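Chain residues, written in single-letter form:
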Number of protein chains: 4
Amino acid sequence: MKPLFHGIIAYPVTPFAEHDGSVDLAQLTKLIDKLINDGVHAIAPLGSTGESAYLSDEEWDAVTSASISAVDKRVPIIVGISDLTTKNAIRRAKYAEQAGADAVMVLPVSYWKLSEEEIIRHYSSIGAALSIPIMLYNNPATSGIDLSPELIVRISKAVSNVTMVKESTGDIQRMHRLNQLSNGSLPFYNGSNTLALAALSAGATGWCTATPNLNAALPLALYNAISTGDLAAARQHFFKQLPLLQFIMKGGLPTTIKAGLRLQGFDAGIPRAPLLPLGEKGNDELQTILNGI
Amino acid sequence: MKPLFHGIIAYPVTPFAEHDGSVDLAQLTKLIDKLINDGVHAIAPLGSTGESAYLSDEEWDAVTSASISAVDKRVPIIVGISDLTTKNAIRRAKYAEQAGADAVMVLPVSYWKLSEEEIIRHYSSIGAALSIPIMLYNNPATSGIDLSPELIVRISKAVSNVTMVKESTGDIQRMHRLNQLSNGSLPFYNGSNTLALAALSAGATGWCTATPNLNAALPLALYNAISTGDLAAARQHFFKQLPLLQFIMKGGLPTTIKAGLRLQGFDAGIPRAPLLPLGEKGNDELQTILNGI
Amino acid sequence: MKPLFHGIIAYPVTPFAEHDGSVDLAQLTKLIDKLINDGVHAIAPLGSTGESAYLSDEEWDAVTSASISAVDKRVPIIVGISDLTTKNAIRRAKYAEQAGADAVMVLPVSYWKLSEEEIIRHYSSIGAALSIPIMLYNNPATSGIDLSPELIVRISKAVSNVTMVKESTGDIQRMHRLNQLSNGSLPFYNGSNTLALAALSAGATGWCTATPNLNAALPLALYNAISTGDLAAARQHFFKQLPLLQFIMKGGLPTTIKAGLRLQGFDAGIPRAPLLPLGEKGNDELQTILNGI
Amino acid sequence: MKPLFHGIIAYPVTPFAEHDGSVDLAQLTKLIDKLINDGVHAIAPLGSTGESAYLSDEEWDAVTSASISAVDKRVPIIVGISDLTTKNAIRRAKYAEQAGADAVMVLPVSYWKLSEEEIIRHYSSIGAALSIPIMLYNNPATSGIDLSPELIVRISKAVSNVTMVKESTGDIQRMHRLNQLSNGSLPFYNGSNTLALAALSAGATGWCTATPNLNAALPLALYNAISTGDLAAARQHFFKQLPLLQFIMKGGLPTTIKAGLRLQGFDAGIPRAPLLPLGEKGNDELQTILNGI
C-alpha cells in the first residue's frame with residue numbers, strides 16, 4: 001500500500017495582487033484547483049516556492065487556512081514551516097494542525113549556524129506540540145543548515161512523528177545513505193528537480209516540486225513510468241522536461257514559476273522585493289522552453 | 001582626520017530577561033554604558049550578535065530606541081538592518097534614522113539567492129529612503145549571499161549614501177580588492193574577528209566586533225598599536241586575544257558572549273531557541289581563556 | 001547495436017611482487033583471465049586503479065604489452081594515459097596503439113591548472129598522433145582539473161577521435177548535460193562507483209569500475225537489469241553492492257582492492273609508498289562486507 | 001639572530017632552449033646570478049615555478065647541480081622535491097644533499113588522496129635518509145593534498161629535521177594556528193604571493209616567491225619595511241606590487257614569469273606542453289603592469 005504522501009507533491013506559488021502586493025487568496029484557490037484537476041497526488045502550500053519567508057504571520061495564517069479549504073480533502077495537504085525561532089515554528093505548526101493539515105514539513109532555517117543538539121531540540125520541541133506527522137526538510141542552499149543523513153535518521157528515531165524526509169541537496173548519495181541507515185524504513189522524497197530521475201530510480205517515495213504549476217503532465221508521466229518499471233519511458237519523459245527543470249532551478253522558483261503562469265494566462269502577480277520579476281530575456285527563454293514541451 | 005566611524009566598533013548583545021525571555025532594556029543600557037566607559041569608539045546594536053534576526057518588529061524598535069538613548073551621543077551609533085524583505089528593511093532603517101542613529105548597517109539576507117540586480121535594487125531602495133550613511137555589510141556565512149568586491153564598489157557608486165563597507169568573509173584579498181577598486185576611497189571595516197591583525201595591517205578603518213562585551217582593552221590595544229605603527233606590539237596583542245576570538249567565532253557570538261558575560265557576573269540571559277546556552281564544557285573552556293588574558 | 005565499449009569495463013590493479021615491489025606480470029595475466037572469465041565486457045589496464053601514476057615508463061610499457069597479450073582479443077581493451085606532459089602522453093598513447101590496444105583513455109593531469117585552450121591542445125595533439133579512438137576522462141579529484149560538459153563536448157567536436165567520455169565527478173547532472181549538449185550522440189560512461197544506478201538509469205553506455213576485481217557478478221547483474229528495464233531488480237542489486245562500492249571509494253582503490261584480493265586468496269602485493277597497505281581494522285571491515293554479499 | 005633561511009627566498013624558473021626545449025643551464029646560471037645580485041636572501045630551484053613536475057630525472061639532477069654551482073655559497077639554497085613516490089622523493093633529496101644543498105623543501109604530491117599516516121610516513125622516510133633540514137611545503141592547489149596546521153606540527157615533532165614550514169593555502173589563519181600550536185617555535189614562510197603583507201605582519205620568517213625573477217626590489221622593500229616596523233611603508237610597497245602578484249598567480253607562475261622575463265629581454269624560453277606560452281593579450285597586460293611599478 002502506498003503511503004499517504006507519495007508521487008507528485010505540488011508546491012503552489014502564493015499569488016499576490018497586482019495593485020497592492022497583498023496575498024490573493026482567490027487566485028490561490030484557483031491555482032490549487034488547477035493542480036488537483038491536473039492529477040497531482042498532494043498539495044504543499046507555503047514551501048520555498050510559496051515565498052513563506054516573505055509573508056507576515058497574519059498572511060501566513062491566511063494562506064494556510066485558504067489552502068486547506070481549497071484542497072477540501074481531495075488530496076492530502078502538507079504545510080511548510082520554516083521559521084527562524086522555535087517558538088514561532090511551533091505556533092505556525094499548531095495553527096496548521098488545527099486548520100486541518102495532514103502533515104507539516106519543517107525546515108530549520110537559521111541566521112546562526114546550529115549545532116546538532118540545537119537542531120534535534122528544534123524538531124523535538126515542534127514534534128511534542130503536534131499530533132500530525134512531520135516531514136523533515138533538508139535544503140542547505142536556502143536554509144544555510146545541512147543535515148547529514150546520519151543526523152536525519154537520528155532525529156527520526158528521537159522524534160516519533162518525524163516520519164518522512166525531503167532531501168534537496170541534489171546529491172543522490174544522501175538518499176542512498178538514508179535508505180541504508182534506516183533499512184528502508186524512512187521514506188525519502190526528492191526535493192531537487194533535476195535529480196528526479198535518479199531519485200525515483202533509487203526508490204524515492206515522491207517528488208516535491210513546483211513544476212506542476214506550469215506542467216503537471218510530465219512529472220506525473222515520469223513518476224508513473226518509474227512506478228510501472230518502464231525505465232526507457234521514464235528517461236524519455238525526464239529529458240523532455242529537463243530544460244524546464246533546469247530553468248526554474250537556475251532562475252529561482254517564485255520568479256520563474258510566476259513568470260511562466262503569466263505566460264500561460266494565469267495571473268499570480270510578481271514575487272516580493274528584493275526579488276524582481278523575470279526579465280524580458282528570461283521570459284523569452286521560458287516561452288521557448290514551454291513551447292518545446 | 002579620522003572618519004566618524006573608526007577604531008573599535010562594539011556590538012552589544014541583546015539581553016533577555018530570565019523569567020520570560022523578553023528583551024531586558026535595563027541590562028542593555030548598562031551594557032552599553034560599560035562598553036563606552038571601557039573606551040570603544042562606536043556602538044552597533046542589532047547586529048548578528050544582537051540576535052536581531054530573532055526579534056519581533058516591536059522588540060526591534062524598542063532595542064533601537066533604548067540603544068540610542070543609552071549612547072546619548074557620547075560616541076557614534078550605527079544600527080544593524082538585516083531583513084528578508086526590502087519593505088521591512090526600509091521601515092526599520094527609517095525608524096532608526098528618526099530615532100537618532102548616525103548610520104545604518106545593511107546586510108542583504110535572503111531565502112532565495114539574489115541576483116546582482118536584485119541586490120543593487122535593495123540598496124538603492126533603502127538608500128533613497130534615508131539621509132544618513134549606510135555601511136554595506138557582506139557576510140555570506142550568515143546571510144547566504146556573497147557580494148564580490150566588484151559588486152560592492154558598483155553599489156557604492158550607484159547609491160550615494162553607501163559610504164562604508166564591513167567585510168566578514170575572512171578573506172583578506174577581499175579587502176585588498178576593495179582598496180584597489182576604489183583607489184582607497186571606500187573605507188573598509190573588518191568584520192571577521194580572527195582577521196583583525198591582517199585587516200588593520202592592510203589599512204582597515206575599523207574593526208566591528210563583539211569582543212568588547214568581554215574584553216575591550218585588548219582590541220583597543222591592537223588598534224592603537226597599529227595606529228602608531230608599532231607592529232611588534234600589535235602582533236603581541238593580537239596573539240594574546242586570538243584564543244578568545246577563535247572561541248567566540250567557533251561557538252557563535254550570542255551563545256558565547258552571553259555565557260562570558262555571565263561568567264563575569266553580568267546577566268544578559270541566554271540566546272533564543274533554537275540557539276541553546278553554552279554547555280558546561282564550553283563554559284569551562286571559556287573561563288580558562290578569560291583567565292589567561 | 002551496442003558500441004564496442006559498453007557494459008562493465010573492468011580495471012585490473014597492477015600486481016607488485018612481494019620481495020622487491022617490481023611489477024608482477026604473471027599475476028596480472030591471471031587477474032585479467034579471471035575478470036574475462038567472470039564475464040566483464042572490456043578490460044582497462046593502467047587506470048587510476050592500476051597505479052599508473054606510480055610506474056616508471058619502462059614498467060608502464062611492460063604492463064601495456066602484457067595486458068594486451070593477456071586479453072588476447074577476447075574482449076576490447078582500453079589503456080589509460082595520465083601523464084603530466086603532452087609529450088609523454090603521446091609517447092604512451094602511440095605505444096599502446098602499436099601494441100594493439102582498441103582505444104586509449106586520456107586523463108589530463110596537471111601540476112599547474114590548465115586553461116581550456118591548453119586542455120584542448122593536449123587532446124588535439126594526442127588525437128593527431130593516433131588512429132584509434134580516445135575516451136576522454138574527467139576526474140578532478142585525482143587530476144586536479146575539472147572539464148565542464150560544455151568543454152568536453154567542444155573537445156569531442158574539435159578532435160575527431162575523441163568519441164567517448166568517462167565522467168567521474170559523481171554529479172549526475174554532468175551526464176544529463178553531456179546527453180543534452182551532444183543530442184545523445186556522445187556516449188558517456190560512469191566512473192564514480194556509487195553513482196552506478198543513477199548513471200545507468202540516465203543512459204550511461206557503460207560503467208568503468210575496479211569492483212570486478214573483487215566481485216564481477218553484482219556489477220554485471222546491475223547492468224543487465226537496467227538493460228532489460230527491470231528497475232526493481234537493478235535497485236536491489238545496487239543496494240546489495242553499495243557498501244562495497246562505498247568502502248573502496250573511501251579507502252582508495254589500489255589500497256582496498258589489493259587488500260580484498262588478498263582476503264580472497266589472490267596475491268597482488270601492496271600499493272607503492274606513499275600509499276600504505278590497508279590496516280587491520282580496514283581489513284576486518286572489508287571482510288565483513290565481502291561476506292555480506 | 002636570524003635563521004639561515006629568512007627574508008626573500010627566490011624561485012628561479014627553469015629556462016628551456018628555444019630550438020629543442022631542452023634545459024638551458026647557461027641561462028639558469030645567469031638568472032640565479034641576477035637574483036643574487038639583486039639582493040635576494042636565498043635561492044630555491046625546482047619549485048613549482050621551476051616546472052620540476054615536468055622534468056625527467058636526468059634533467060632534474062642536472063638543474064640541481066647547476067643551481068648549486070651557480071649559487072656558489074653566496075646565499076643559502078633550498079631544493080624543491082615534489083615526487084609522486086616516496087622512493088623517488090628520497091632519491092632526489094639525497095642527490096640534492098650530496099650536491100651541496102643547504103636544505104630541501106618537500107611537497108607531498110599525490111594521485112591518490114593520502115591519509116595522515118601515509119603523509120607522516122612519507123616525511124619520516126625522507127627525513128631518515130637525510131642530514132640536512134627539510135622545509136615542509138603545503139600547497140593543496142597544486143598537490144591535491146591539504147595538511148592541516150595540526151598535522152604539520154605533528155610531523156615536525158615526529159621528524160626531527162622538519163624544521164620549517166612553507167604555507168601556500170592563502171589562508172592567514174593557518175599561519176596563526178602554526179604559531180599557536182608550536183608556541184612560536186616552528187618558523188613559517190609565506191608561499192601565497194598576495195598574502196605577503198598579512199603573513200609578514202603576522203610574523204612569517206620569510207616569503208618564498210617567484211616575483212624577484214621580474215622585480216626583486218619591491219619584495220625586498222616590503223620585507224625590510226616589516227623588519228624595521230614601518231607598517232605604513234610596508235603597506236605602500238605591498239599595494240604597489242599587488243597587481244603583479246595577482247597577475248602571476250592568476251596566470252600561473254611558469255607561464256607568466258617566462259613571459260615577463262622575455263619582455264625584460266631575458267630569454268628563458270616557454271613552459272612545457274600542456275602549458276602554453278602567455279598569449280598576446282596577457283603579454284600586453286603584463287607589460288602595462290611592469291611599466292607601472
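Residues numbered from 1 in each chain as written. Chains lettered and ligands numbered in written order. Predicted model: local features only at pLDDT ≥ 70, side-chain atom pairs only at ≥ 80, totals over all residues. Heavy atoms only, no water.

Within an unreviewed UniProt entry, the label attached to chain A reads Dihydrodipicolinate synthase family protein, and the organism entered is Iodobacter fluviatilis.

Chemist: Even after reading the chapter, I still don't get the pairing of strand E4 (residues 103-106) of chain C, so can you show me in this structure?
Modeler: Along any regular strand the residues' side chains alternate between the sheet's two faces. All names here are of chain C. Side chains Ala103 and Met105 project from E4 onto one buried face, and the interleaved Val104 and Val106 project onto a second face that is buried too. Pairing of strand E3 (residues 78-81) with E4 involves four bridges; the strand directions are parallel. Note that in E4 the partner of Val79 across the bridge is Val104. Regarding the hand of the β-α-β motif, the stretch spanning E3, helix H3 (residues 86-99) and E4 is right-handed. Pairing geometry for E4 and strand E5 (residues 134-138), over three bridges, is parallel. (Buried < 20%, exposed > 50% of the residue type's maximum accessible area, 1.4 Å probe, protein only. Helix = DSSP H or I, 4+ residues; strand = E, 2+ residues; numbered from the N terminus. Pairing = 2+ DSSP bridges. Right-handed = clockwise from strand over helix to strand, strands pointing away.)

Chemist: Sorry, what's going on with the sheet that holds E5 of chain C here?
Modeler: Hydrogen bonds between backbone groups are what pair the strands of a sheet, and the pairing can be parallel or antiparallel. Residue and element names in this part refer to chain C. Pairing within the open sheet is parallel, and its eight strands lie in the order E2-E1-E8-E7-E6-E5-E4-E3. Lying at the two open borders of the sheet, with one neighbouring strand each, are strand E2 (42-43) and E3. In the packing of helix H7 (residues 172-181) onto the sheet, contacts are made with E5, strand E6 (162-167) and strand E7 (188-190), and the angle to E7 comes to roughly 165 degrees. (Contact = heavy atoms within 4.5 Å. Axes fitted to C-alpha atoms, helices over the stretch in contact; angles between N-to-C directions.)

Chemist: Hey, could you run me through the sheet that holds strand E5 (residues 134-138) of chain B in this one?
Modeler: Residue and element names in this part refer to chain B. The parallel open sheet is built from eight strands, whose spatial order is E2-E1-E8-E7-E6-E5-E4-E3. A single partner strand is all that each edge strand has here, and the edge strands are strand E2 (42-43) and strand E3 (78-81). Direction of pairing for strand E1 (residues 7-10) relative to E2: parallel, over a ladder of two bridges. Bridge pairing in E2 places Ile9 opposite Ala42. Packed onto the sheet, helix H9 (residues 217-227) meets E1 and strand E8 (206-209) and runs at close to 150 degrees relative to E1.

Chemist: Teacher, can you tell me more about unusual backbone geometry here?
Modeler: In terms of backbone geometry, most residues other than glycine have negative phi values and most peptide bonds are trans. Residue and element names in this part refer to chain B. Between Ala273 and the following residue, Pro274, the backbone shows a cis peptide bond with an omega angle of 15 degrees. Relative to the elements of secondary structure, Pro274 occurs in the loop between helix H11 (253-263) and helix H12 (280-292). Not every positive phi belongs to a glycine, and Glu51 is a case in point at roughly 55 degrees. Examined against the element boundaries, Glu51 turns out to sit in the loop between E2 and helix H2 (57-71). Overall, the relative accessible area of 2% leaves Glu51 in the buried class.

Chemist: Sorry if this is basic, but what is going on with the interface of chain D and chain C here?
Modeler: Where interface size is quoted, it is often the accessible area lost as the parts come together. Each partner contributes residues to the interface: chain D has 28 residues there, and chain C has 28 residues. For the pair chain D and chain C, the summed buried surface comes to about 2700 Å²; carbon and sulfur atoms form 66% of the total. There are zero salt bridges connecting chain D and chain C. The tally of links from chain D across to chain C stands at ten residue pairs in polar contact (both at pLDDT 80 or more). Among the secondary structure elements, those contributing two or more residues to the side of chain D that touches chain C are helix H4 (116-128), helix H5 (140-143) and helix H11 (253-263) of chain D. Counting residues per element, the side of chain D that touches chain C draws most heavily on H4 of chain D, at four residues. Residues of the side of chain D that touches chain C, tallied by class, amount to 15 nonpolar, nine polar and four charged. (Buried area = accessible area lost by both parts, 1.4 Å probe. Salt bridge = Lys/Arg side-chain N within 4 Å of Asp/Glu carboxyl O. Polar contact = N/O pair within 3.5 Å; in protein donor to acceptor, adjacent residues only side chain to side chain. Nonpolar A, V, L, I, M, F, W, Y, C, P; charged D, E, K, R; others polar.)

Chemist: I keep staring at the interface of chain B and chain A and nothing clicks. Help me out?
Modeler: On the chain A side, the residues contacting the 28 residues of chain B number 28 residues. Here chain B and chain A share an interface that buries about 2700 Å² over both sides, 66% of which is from carbon and sulfur atoms. For the pair chain B and chain A, the interface holds zero salt bridges. For the pair chain B and chain A, the interface holds ten residue pairs in polar contact (both at pLDDT 80 or more). Of all the elements in the fold, those that place two or more residues in the side of chain B that touches chain A are helix H4 (116-128), helix H5 (140-143) and H11 of chain B. Of all the elements, H4 of chain B adds the most residues to the side of chain B that touches chain A, at four residues.

Chemist: Quick question: what am I supposed to make of the UniProt feature "binding site: pyruvate" (unreviewed entry) in chain A here?
Modeler: Look at the UniProt record and you will see "binding site: pyruvate" (unreviewed entry) annotated at Thr49 of chain A. Tracing the chain through its elements places Thr49 of chain A in the loop between strand E2 (42-43) and helix H2 (57-71). Look past the residues within four positions of Thr49 of chain A in its chain and what remains in contact with it is Tyr11, Pro12, Val13, Thr14, Ala210, Leu253 and Pro254 of chain A together with Trp112 of chain B. (UniProt positions renumbered as here; feature names shortened; annotations may be inferred.)

Chemist: Could you clarify how one ought to interpret the relation of the copies chain B and chain A in this entry?
Modeler: The two chain copies are connected by a rotation around an axis plus a translation along it. Each copy superposes on the other: chain B lies on chain A with an RMSD of 0.0 Å after a rotation of 180 degrees and an axial shift of 0.0 Å. What we have between these two chains is a two-fold relation. Taking C-alpha positions as the reference, the residue of chain B nearest the rotation axis is Gly144 of chain B, at 3.3 Å. Mapped onto chain A, 100% of the interface residues of chain B are again interface residues, and the two copies thus contact each other with one and the same surface. (Least-squares fit on C-alpha atoms with pLDDT ≥ 70 in both.)

Chemist: What's the story with the packing of helix H10 (residues 231-251) of chain D against helix H12 (residues 280-291) of chain D in this structure? I'm lost.
Modeler: Between two packed helices, what matters for the description is the angle formed by their axes and the separation of those axes. All names here are of chain D. With their axes 9 Å apart at the nearest point, H10 and H12 run at an angle of 155 degrees to one another. The orientation of H10 relative to H12 falls into the category roughly antiparallel. H12 is crossed by H10, and the crossing has left-handed handedness. Contact residues: Pro243, Leu244 and Phe247 in H10; Gly282, Glu285, Leu286, Ile289 and Leu290 in H12. Here the residues of the contact of H10 with H12 sort into six nonpolar, one polar and one charged. (Parallel < 35°, antiparallel > 145°, perpendicular 65-115°, else oblique. Left-handed = near helix turned anticlockwise from the far one by under 90°.)

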